[in-house]
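# Per-entry structural report
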Amino acid sequence: MRLRTRFLLVLAIFSGMLIIMAVLSARIVLTGSARQVDEDLARERLKKGQAVLSEEIRTLTGTAVDWASWDDTYDFMINRDSRYLDVNLVDGTFESLRMDGIFLYDTKRQFVAGMAVDSGGEISESVLLAIRGLIEQPDGLLYHKTEEPLAGFVVCAEEIWLVALAPILTSQDEGPTRGTLFMGRHVDGHEQERLRWLIAPSLSLLPADREWLPGMIEISAHALNSLQARVVISDVFGRGRVVMDIVAPRPAMGQIVVSLSYFVFLISACGVGILLLAVWLLDRWVLRSVTESVFALREGLDAAATVGARRPALRKTRDDEIGDLSDAVEAAIVAVETSARELNKRRLEAFHSQRLAALGTLAAGVAHEINNPNGVMSLNLNVLRRELERLFMLLRERGRDMPESEVEEGGLARTRKELSDIIEETLLASERIAGIVSSLKSFARPADGTDKELLSVPDLIKEAAHWLRHEYKQERCRLETAFDARLPRVCVNRQQLVQVFVNLLQNACQAASRPNSVVRVSGAYERKEESLTITVADDGRGMQPENVEHALDPFFTTRRSEGGMGLGLSISAAIVRAHGGNLNFDSREGAGTFVTVTLPIKEEYAHAP
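Okay, so let's go over this structure. Worth saying up front: this structure is predicted, and the values here are computed from it rather than measured.

## Comments concerning a nonpolar patch on the surface
Residues Leu9, Val10, Ile13, Phe14 and Met17 make up a contiguous nonpolar surface patch of roughly 470 Å² in combined accessible area. Its location among the elements puts Ile13 in helix H1 (residues 3–68).

## A look at the environment of Val154
Relative to the assigned elements, Val154 resides in strand E3 (residues 150–156). Its relative accessible area of 2% is what places Val154 among the buried residues. Apart from the residues within four sequence positions on either side, Val154 is in contact with Leu134, Leu141, Glu159, Ile160, Trp161, Val163, Val236 and Phe237.

## Some points on helix H5 (residues 125–136)
For H5, with 12 residues, the first-to-last C-alpha span of 16 Å sits near the 16 Å given by 1.5 Å per residue. Among all positions in H5, only Val127, Leu128, Ile131, Leu134 and Ile135 are buried. Projected onto a plane normal to the axis of H5, the buried residues spread over an arc of 130° and lie on a single side. Exposed residues pointing more than 90 degrees away from the buried face of H5 are listed as Glu125, Ser126 and Leu129. Buried-residue contacts for H5 involve strand E1 (101–105), strand E2 (111–116), E3, strand E4 (159–167) and strand E5 (180–186).

## Observations regarding the nonpolar core
Counting residues in hydrophobic clusters, the biggest one holds 44 residues, and the most contacted among them are Ile102, Phe153, Leu181, Met183, Leu205 and Met244. Counting residues per element, this core draws most heavily on H1, at 8 residues. If sequence neighbours within four positions are ignored, Phe153 has contacts with Leu53, Ile57, Ile160, Trp161, Leu162, Val187, Leu205, Ile233, Asp235, Val236 and Val242. Counting 38 residues, the second-largest nonpolar core is a separate cluster that includes Leu455, Val457, Ala573 and Phe585.

## Side note on the packing of aromatic side chains
The tally for this structure, following the rule as stated, stands at 5 aromatic pairs. Ring plane angle 75° and centroid distance 5.8 Å describe the contact between Phe103 and Phe111, whose orientation is recorded as edge-to-face. For Phe111, a relative accessible area of 25% gives the class partly exposed. Taken together, the aromatic side chains of Phe103, Tyr105, Phe111 and Phe182 make up a single cluster linked through ring pairs. Over the aromatic face of Phe111 sits the side chain of Arg132, whose NZ or CZ is 3.9 Å from the ring centroid.

## Some details on unusual backbone geometry
Note on backbone geometry: most residues besides glycine have negative phi, and most peptide bonds are trans. Even without glycine at this site, Arg80 takes up a positive phi of about 55°. Topologically, Arg80 is positioned in the loop between helix H2 (71–79) and helix H3 (82–88). For Arg80, a relative accessible area of 41% gives the class partly exposed. The phi dihedral of Arg98 is positive, around 55°, even though this residue is not glycine. Tracing the sequence through the fold places Arg98 in the loop between helix H4 (91–97) and E1. Residue class for Arg98 comes out partly exposed when judged on its relative accessible area of 35%.

About the cut-offs
Residues numbered from 1 in each chain as written. Predicted model: local features only at pLDDT ≥ 70, side-chain atom pairs only at ≥ 80, totals over all residues. Heavy atoms only, no water. Patch = residues over 30% accessible without salt bridge, like charges linked within 9 Å, V, L, I, M, F, W, Y side chains within 5 Å. Areas by Shrake-Rupley, 256 points an atom, 1.4 Å probe, with all protein chains shown as cover. Salt bridge = Lys/Arg side-chain N within 4 Å of Asp/Glu carboxyl O. Helix = DSSP H or I, 4+ residues; strand = E, 2+ residues; numbered from the N terminus. Buried < 20%, exposed > 50% of the residue type's maximum accessible area, 1.4 Å probe, protein only. Contact = heavy atoms within 4.5 Å. Expected span 1.5 Å × (residues − 1). Arc of directions from axis to C-beta. Core = buried A, V, L, I, M, F, W, Y, C linked by side-chain atoms within 4.5 Å. Phe/Tyr/Trp six-rings, centres within 6.5 Å; stacked < 30°, edge-to-face > 60°. Lys NZ or Arg CZ within 6 Å of the ring centre and 35° of its normal.

In structure tokens, the structure reads:
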């Protein structure tokens, strides 16, 4: 066999083996990574489901504790007045609370009163007896109860119930206890449909076929493009008797299958290209040149793979085609590195944009839910103000026969003024809520420049401080202000800027590290930059350096355990940017926090009084 044929045969065999090994290795690595990614997504869905179910338990617990702390409930357990049952244990109560059973037991664990309904909302004795058996049996709920509320899932007659028990105390949460209040909700098909809407369309809550370990997660392949994820939820007795089942999609696996197809094609094409190049070089009798040049090229590529950003440039051994190839590879590596950096930058920008879009959707939903009760409150307050005017007119007409001094001394005018002030202040609060809701709706889109007016920054700070006066008193914080003598006014939206300063002043007070802390607000006019700078500073505990760079990110908060959502600073920054300004955040651990708001001043307003 001729040397050229042997060389081509060996080259072809090795090329084919490399292609197969590369494809198999990529398949093993990529499919394993894709499975891990898909399983992580499935676990996140399970965590979301567990969080939603925990919230359902907390809500039911709150309802049970609320009912158990009514003075009417406490009195009923003493005098057994049937009017309590006629008023409270009615169909409307069960429908409004989405409850299927409400029972009352005395301190001797004896059944006093109660009612249960079936899935159709009709009173059912069979459901009543089944739940009572679960409660009153020797190892039932009453015998596991402590002095604190008890809530969770139970399995009754192979069906899942969400239950809560609370001790019956006075409205002041004082004893002695008069018994126990039980509330239960059947997790039937309708209830599971509601939970699917909250968690995942494929959600199923099932009684466990055996007692599992609570919290155990089981993930298995359901199909090529889906996974079956299960988690065992602890019931009210601490046993694993309830299973949450979710069928989760496998987006990463689908992407990997497509990517592997392109990868196989690319590897095959590259292999053929390398083989043809070798044939051409062999025909030109440049084997030695190829060997030396390929060795130098491989050495440079290995250095690029191991050293990374500090790699040396590829070494050019000969001024020929192979040398030009080295130059081309060097240029390609530089282009790829540049493209990778740019791609990473674009990915971060796209990720931030997606979070803002999601926040905008959330804000629209929250705004819709707040606007409805706020509108009702505003409407009722106006009706109340009109009816109070009629009442006072009626009182004045009835008091015409009395001396005017006696009517005034009786407090009629004072009462009228106090009630009017209360209604006006509440209406102002309602308008502020509407303004905040409007800010949430416009958070994720550019401001249109409407509803702006020429306002004084000290007045805006004063208005924001007015809304926080009770919190400052409770936290024992003190507000100090220092503004330049002649600050120009700014053209802004009042509601939005008040919202910004409320967020900043509230954060400063909550960061206080000791009683009687001082929150300082200063304002200065920067004539050269034609801008107004407002600084809010506190002497609190500050933030760690790794948290400072994320302080303005949506949903980032260091106070999540205290109920913080991480939206205050991000919304404030968006509002300031919409007004053409900037919000800068500077904090050092143990040295307090400084937040600077910079707002542009139009030339025509710079000297406005």
